[in-house]
Amino acid sequence: MKRLSLLLACSAISSTLISTPTFAQSASQPAETGRANAPNQKPSFENQTRAPQPASMPKIATEVVAEGLPHLWAMEFLPDGRMLVTAKKGAMHIISEEGEAGPPITGVPKVAFGGQGGLLDVALAPDYATSGMIFFSYAEPRDDGNGTSVASARLVPDDKGGGKLENLNVIFRQMPTYDGNKHFGSRLVFGPNNELYVTVGERSDRQPRVQAQDLASGLGKVFRIDTSGKAMPDNPFVSTEGAQPEIWSLGHRNMQSATLDGQGRLWTIEHGPKGGDELNRPQAGKNYGWPEVTYGVEYSGSKVGDGITQKAQTEQPVYYWDPVIAPSGMAFYDGDAIPEWKGAFLVGGLVSQGVVVLHMDGDRVAHEERVPLDARIRDVKVGPDGAVYAVTETRSGVSTIVRLTKA
Ligand SMILES: [Ca+2]
């Protein structure tokens, strides 16, 4: 009888689900109802894609708190409640509590602006309140191309709403250099032991992208370094001949989302191929498959490699999206202002034009909720007030910051 009632419950919504494999466990409809790009690919466990929406979803009110900003890439809250933002063209600004951008902070190094390149993520050092140290990533112009680099500096705010960077140090360079303008990643996330996770891309083109599987290459990896840029001594490949010791995990495509969960563990979301964005919890030394094992298809519609979605010695994504959301920033919600979201991941969607809320059950996704915002979302952060702040962008290069609260 149970099985029959599930079938009946699903038949009402089946017209929108014909193109995707589903496990008929819940009568709730998934948020995603669009046609899959790889309709014949099967998830390897329940709720690995198109998880049902939660039974009750909060009504969300939005308010623009800053507008007319340059094209932003990342945002962090400073301890005094103001926001520190990176502008993709190569500037940093402090946004006042009234929503006004201060003058550009001086001392930002030159970035390779163009395509997906520019000034990328920023993270405050765990001891920022006393040290003033920040870390940021950027597409670095180099002699024979460019690559993602990470710098540290001391942020010295002034009394005019601006400031300067002092003691600038480029602490890490993704190698090899490549002459392209795509798939730089990146996100910077500090772990609980002062270790810095750096997520990058594999530079997209067919020739470099296979290096995501190569431990001698820094393309398509998560790195784990100390604040001076050195490999953490307990990294998985420090004793492997020829491997880059900074590598934490391999087989990634282009990770533009990363955050810690409530237990201090790293989670990432990468831009996949067409129909292959994926959520992972990267673990030491593990291989996440790209470009040999993946969901989705090439942009041309042809299969990626041999079209394999599962393989021994590679990790299945915790979750994947087909069609893609095009993930940007990501945050773990531990606030009280929106109780329904407690313990969920909040993910910005460039293509899905809103915030994706992933409700977890242990290390699996139980429910996926969408908050449409009618704008490409470039970053998502939880504010000191427990509200959620989303950075929007337009193709023409203007950003706003929107505050999400429970209506
Ligand atoms: Ca993968």
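Our structure's up above, just so we're on the same page.
Keep in mind the model is a prediction, meaning the values are calculated, not measured.

Peer 1: Where do I start with the overall build of the chain in this structure?
Peer 2: Broken down by element type, the chain carries 3 helices and 23 strands. Computed over the C-alpha atoms, the radius of gyration of the chain is 21 Å, within 12% of the 22 Å expected from 2.2 N^0.38 for a compact globule of 407 residues. Over its C-alpha atoms, taken along the principal directions, the chain stretches across nearly 70 × 55 × 40 Å. Sorting the 407 residues of the chain into buried and exposed places 58% on the buried side. A separation of at least 24 residues holds for 56% of the contacts in the chain among residues at least 6 apart in sequence.

Peer 1: Looking at this structure, how should I read the pattern of salt bridges?
Peer 2: Tallying each qualifying case throughout the model produces 27 salt bridges. Close ionic contact of Asp-121 with Arg-187 constitutes a salt bridge, the shortest N to O distance being 3.0 Å. With Asp-121 in strand 5 (residues 119-124) and Arg-187 in strand 9 (residues 187-190), the pair connects residues that are 66 residues apart, well separated along the chain. On the basis of relative accessible area, Asp-121 is assigned to the buried category, the value being 2%. Between Arg-265 and Asp-363 there is a salt bridge, and its shortest N-O distance comes to 2.6 Å. Taken together, the positions of Arg-265 in the loop between strand 13 (254-260) and strand 14 (266-271) and Asp-363 in the loop between strand 19 (354-361) and strand 20 (364-372) put the pair 98 residues apart, joining distant regions of the chain. Residue class for Asp-363 comes out partly exposed when judged on its relative accessible area of 30%. The network of salt bridges with common partners includes Glu-76, Asp-121, Arg-187, Asp-379 and Lys-381.

Peer 1: Whenever I open this one, the coordination of the calcium ion confuses me. Can you help?
Peer 2: Each pair of donors in an ideal octahedron of six around a metal sits at 90 or 180 degrees, and each pair in an ideal tetrahedron of four sits at 109.5 degrees. Protein ligation of the calcium ion involves Glu-278 (OE), Glu-278 (OE) and Tyr-288 (O), the donor distances falling in the range 2.0 to 2.8 Å. One end of the pair, Glu-278, is in strand 15 (residues 277-280); the other, Tyr-288, is in the loop between strand 15 and strand 16 (319-321), with 10 residues separating them in the sequence. Each member of the pair, Glu-278 together with Tyr-288, is buried.

Basis of the calculations
- Residue numbers here run from 1 along each chain, matching the order of that chain's written sequence.
- Note on the predicted model: pLDDT of at least 70 is required for a residue's local features to be given, and 80 or more for side-chain atom pairs to be given and counted; whole-chain, interface and lining totals, by contrast, use all residues.
- With hydrogens and water stripped out, all remaining heavy atoms of the structure feed into the side-chain values.
- The numbering of helices and of strands both runs from the N terminus, where a helix is a DSSP run of H or I of at least 4 residues and a strand a run of E of at least 2.
- In this description the radius of gyration comes from C-alpha coordinates, and the expected globular size is given by 2.2 Å times residues to the power 0.38.
- Buried means the residue's accessible area, taken with a 1.4 Å probe over protein chains only, is under 20% of the maximum for its type, while exposed means over 50%, and partly exposed covers the values in between.
- It only takes one pair of heavy atoms within 4.5 Å for two residues to be counted as in contact.
- Only one rule defines a salt bridge in this text: a Lys or Arg side-chain nitrogen within 4 Å of an Asp or Glu carboxyl oxygen.
- The rule for donors is simple: an N, O or S atom within 2.8 Å of the metal counts, and for Na, K and Ca the reach is 3.2 Å. Water is not among the atoms, so a site may look short of donors.

Read these as spatial facts, not as claims about activity.
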